[in-house]
Amino acid sequence: MSARVLAGPPAAAALLADAAARAGRLPTSPHLVIVCVGDDPASRSYVRGKSRKAGEVGLRSTVHALPESATQAELLALIDTLNRDDDVSGILVQLPLPAQIAEAAVLHAIDPRKDVDGFHPLNVGELWAGRPALTPCTPAGIMYLLEHYGVAVAGARAVIVGRSHLVGRPLAALLLLGDATVTVCHSRTRDLGRVTREAELLVAAAGSPGLVTPEMVRPGATVIDVGINRVLGADGKGHLVGDVHPDVAGVAGALTPVPGGVGPMTVAQLLANTVRAAELQHATRAHPEVAGEFVR
Ligand SMILES: NC(=O)C1=CN([C@@H]2O[C@H](COP(=O)(O)OP(=O)(O)OC[C@H]3O[C@@H](n4cnc5c(N)ncnc54)[C@H](OP(=O)(O)O)[C@@H]3O)[C@@H](O)[C@H]2O)C=CC1
Ligand SMILES: Nc1nc(=O)c2c([nH]1)NC[C@@H]1CN(c3ccc(C(=O)N[C@@H](CCC(=O)O)C(=O)O)cc3)C=[N+]21
């Protein structure tokens, strides 16, 4: 038996087509601003991919690249300018940041209505309160992928390996909103395989190549591989591999590939969030009586 492949690109294309149609109904094209600090090659490569896709669906994007030595004050000043600029719909600060900059201070400074990553505490709180506004791109993209391929979430036993603020935690909130029964595992989880074997829907987001092996997977389960790990192959070249061992394809019912699975969903969802942010800002301007309030 070999698992059904849940490919990212067709689902991402459907999400992007919807976002592009909504963008076309706005008076001006939504504008995403990406801020990156330092010159980590992997970060630069993600940023290029995001800008290219933005252009393909008719969104504007601008990249602000600050040097590795940038101070927290400089970054906060830039965010303040972008917050005040009515021509900016969405702001994404690429993570991780250099050690001299406190991540929390930066994420708190972004206007929640422009927070296309969904990392501001207001958006995090709204998500856990069951009123999702702007939600983190990777988890929201995974939910879209599951729906696109008709994978049932309601009532399912879902297990997530990883509890980061970027992936594991917000995905737990979204799956719970979708009426799954959710378990979140991490590096202190005892007998990880016993927990993951319970899952009808298993999500691996640990950043550990091949962590999920066939004996950890319930036969027929849907397995979502979020991991993006660069490893050196036998051919001496660098390869991207996920957190799921390739042999899991023999046990799982359905499986996302790496690359070409969750990654493209993340990028598509970022652009969908940018359109959503532009819609929120447009509604606020059209109805100034609600300005200052957080409009959903
Ligand atoms: N496809 C995409 O679009 C994206 C992919 N990624 C990829 O997803 C992976 C996870 O990213 P991110 O969430 O940011 O990573 P973090 O390093 O922030 O978090 C990893 C989580 O996995 C847990 N973990 C690590 N090793 C184990 C283990 N052996 N057993 C059980 N739990 C473990 C950690 O536990 P603890 O909390 O106890 O330390 C932690 O909660 C990475 O490979 C990253 O590159 C990330 C974002 C987007
Ligand atoms: N503020 C912030 N928000 C993020 O969403 C964020 C971040 N910082 N920092 C880094 C992680 C990682 N991330 C990815 C996005 C796209 C792919 C992606 O498109 N991957 C392709 C392969 C790309 C390649 O070949 O390198 C794929 O899986 O097919 C992967 C990973 C977003 N992140």
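Note: the structure precedes this text.
Residues numbered from 1 in each chain as written. Chains lettered and ligands numbered in written order. Predicted model: local features only at pLDDT ≥ 70, side-chain atom pairs only at ≥ 80, totals over all residues. Heavy atoms only, no water.

Asker: Please clarify how the site of ligand 2 should be interpreted in this entry.
Answerer: Close to ligand 2 lie 16 residues; Val93, Leu95, Asp117, Pro259 and Gly260 are nearest. Residue aspartate 117 places a side-chain N or O atom 2.6 Å away from a nitrogen atom belonging to ligand 2. Arginine 230 is positioned with one of its side-chain polar atoms (N or O) 3.4 Å from an oxygen atom of ligand 2. With the chains in place, 79% of the 670 Å² that ligand 2 exposes on its own is no longer accessible. The set of elements that each furnish at least two residues to the shell around ligand 2 consists of α2 (41-56) and α9 (262-286). Looking at which domains feed residues into the shell around ligand 2, each of domain 1 (24-111) and domain 2 (137-263) supplies at least three. (Near = heavy atom within 4 Å. Polar contact = N/O pair within 3.5 Å; in protein donor to acceptor, adjacent residues only side chain to side chain. Areas by Shrake-Rupley, 256 points an atom, 1.4 Å probe, with all protein chains shown as cover. Helix = DSSP H or I, 4+ residues; strand = E, 2+ residues; numbered from the N terminus. Domains from an automatic or database assignment.)

Asker: Can you help me understand the pattern of salt bridges in this one?
Answerer: Inspection of every chain in the model, using the stated rule, returns 10 salt bridges. Close ionic contact of glutamate 279 with arginine 22 constitutes a salt bridge, the shortest N to O distance being 2.8 Å. Of this pair, glutamate 279 sits in helix α9 while arginine 22 is found in helix α1 (residues 8-24), placing the two residues 257 residues apart along the sequence. A single network of salt bridges, built from pairs that share partners, joins Asp18, Arg22, Arg276 and Glu279. (Salt bridge = Lys/Arg side-chain N within 4 Å of Asp/Glu carboxyl O.)

Asker: Please explain the sheet that holds strand β3 (residues 60-66) as it appears in this structure.
Answerer: Strand pairing in a sheet takes place through backbone hydrogen bonds and is either antiparallel or parallel in direction. A sheet is described by the order of its strands in space; here three strands give the open sequence β3-β2-β4, paired in parallel fashion. The open sheet has two edge strands with one neighbour each: β3 and β4 (90-93). Adjacent strand axes in the sheet meet at a mean angle of 15 degrees when their direction is disregarded. Strand direction decides the pairing type here: strand β2 (residues 31-37) and β4, joined by four bridges, are parallel. Residue pairing in the sheet places valine 33 in a bridge with isoleucine 91 of β4. (Pairing = 2+ DSSP bridges. Axes fitted to C-alpha atoms, helices over the stretch in contact; angles between N-to-C directions.)

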